[in-house]
Every structure is written in structure tokens, then in C-alpha cells.
Amino acid sequence: EKTLVNISTLARVTSASDAIVSGFVISGSTARSVLVRAVDPTLSAFGVNDALKAPVLTVQQGDRLIATNTAWAGATRAAAEDVMDAFDRVGAFRFVDDTSKDAALVVSLTPGAYTVQVKSGDGTPGAALLEVYDLP
């Protein structure tokens, strides 16, 4: 059996009203957990010097907002540990540190079509890597 585990797109957000947008579908009859990331400041460690400084990551189903994130470590240490655990489970590189402005979400989604987007939270342009991982 072949399974797609991850899809990613590196693109540039050019203004405050611009966004990187991608979509994906959860099939079957049961909910799936996914890791969604907007890698921005950490991109500098890979030689990308014009990364977004303050990304805003959102997951939507149609017009309904499912989740949003602006700083991956979240409000609690437990939230940060859940996200880091998801990075390790899928083999994704870790962000530079707990205070980076990279964005990430672990969400359980019912079958259906979803849209993810990355915008600039401070209005300045920059590159972002948008990733979606199926969590085992």
C-alpha cells in the first residue's frame, strides 16, 4: 500500500493581503490527525534569507475556520511538546527554538476538503514553506 505522508510548497508572500494557499482532502470515514506548518524564520538555517518574520497559519473547511497559529510553541509547554512530538513522529526538522515565530498546528480533521494558508502577520513580504503531514 502506498501512502502520501507529506506535501510542501515553498513560495513568497508579497504583501499584507497576499497568501500562500494549498488544499488537501481527508478520505475515508474516520478523522485523521495532521501536522500543518508554516516554516518561516527557521528557513534562514537552510539559506533562505528573505523568510517571513511573523507568519499567520490557518486551516479552514470552506468558510469555517478550523484553527490558526502565529507562534508554534503556543501558550503552554504541553502544547509545544505535542508539536515537537509530531515533528519527530513524521521525521520533520525541528524549528530553531521555542521562541521562533514559525507556526504549526496539530489538528484532528474529519473526512472532507480543507484549505491551509500562510499570510504575513506584520505585512512585510517574505518566503514561507507550507507543509502538511499525515500523522501516524
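Each remark here, short or long, concerns the structure printed above.
Residues numbered from 1 in each chain as written. Predicted model: local features only at pLDDT ≥ 70, side-chain atom pairs only at ≥ 80, totals over all residues. Heavy atoms only, no water.

A.B. asks: Would you mind showing me how to read the side chain of N69 here?
C.D. replies: If you trace the backbone, N69 turns up in strand β5 (residues 64-69). Looking at N69, its side chain comes within polar contact range of the main-chain oxygen of A71, at 3.3 Å. From its side chain, N69 meets the backbone nitrogen of W72 in a polar contact 3.4 Å long. Setting aside residues no more than four positions away along its own chain, N69 makes contact with P55, V56, L57, D102, A103, A104 and L105. (Helix = DSSP H or I, 4+ residues; strand = E, 2+ residues; numbered from the N terminus. Polar contact = N/O pair within 3.5 Å; in protein donor to acceptor, adjacent residues only side chain to side chain. Contact = heavy atoms within 4.5 Å.)

A.B. asks: Teacher, can you tell me more about the packing of aromatic side chains here?
C.D. replies: In this description, an aromatic ring pair is defined by two values, namely the gap between the centres and the angle between the planes. As enumerated under the stated definition, the model contains 5 aromatic pairs in all. Ring plane angle 20° and centroid distance 5.6 Å describe the contact between F24 and Y114, whose orientation is recorded as stacked. Separated by 90 residues along the polypeptide, F24 in strand β2 (residues 19-26) and Y114 in strand β7 (residues 112-120) bring together distant segments of the chain. Residue class for F24 comes out buried when judged on its relative accessible area of 13%. Of the residues examined, Y114 reaches a relative accessible area of 4% and is grouped as buried. Pairing F87 with F95 gives two aromatic rings, centres 4.9 Å apart and planes at 70°, and the pair type is edge-to-face. Given the relative accessible area of 7%, F95 is considered buried. Through pairs of rings, three or more aromatic residues link up here, namely W72, F87 and F95. (Phe/Tyr/Trp six-rings, centres within 6.5 Å; stacked < 30°, edge-to-face > 60°. Buried < 20%, exposed > 50% of the residue type's maximum accessible area, 1.4 Å probe, protein only.)

A.B. asks: Can you walk me through the pattern of salt bridges in this structure?
C.D. replies: Between side chains of opposite charge, a pair can form when the charged atoms approach closely. A complete count under the given rule lists 5 salt bridges for this structure. Residue R37 pairs with E131 through a salt bridge whose shortest N-O separation is 2.6 Å. Pair noted here: R37 is in strand β3 (residues 32-39) and E131 is in strand β8 (residues 126-134), with a separation of 94 residues, a long-range link. In terms of burial, R37 and E131 fall into one category: buried. (Salt bridge = Lys/Arg side-chain N within 4 Å of Asp/Glu carboxyl O.)

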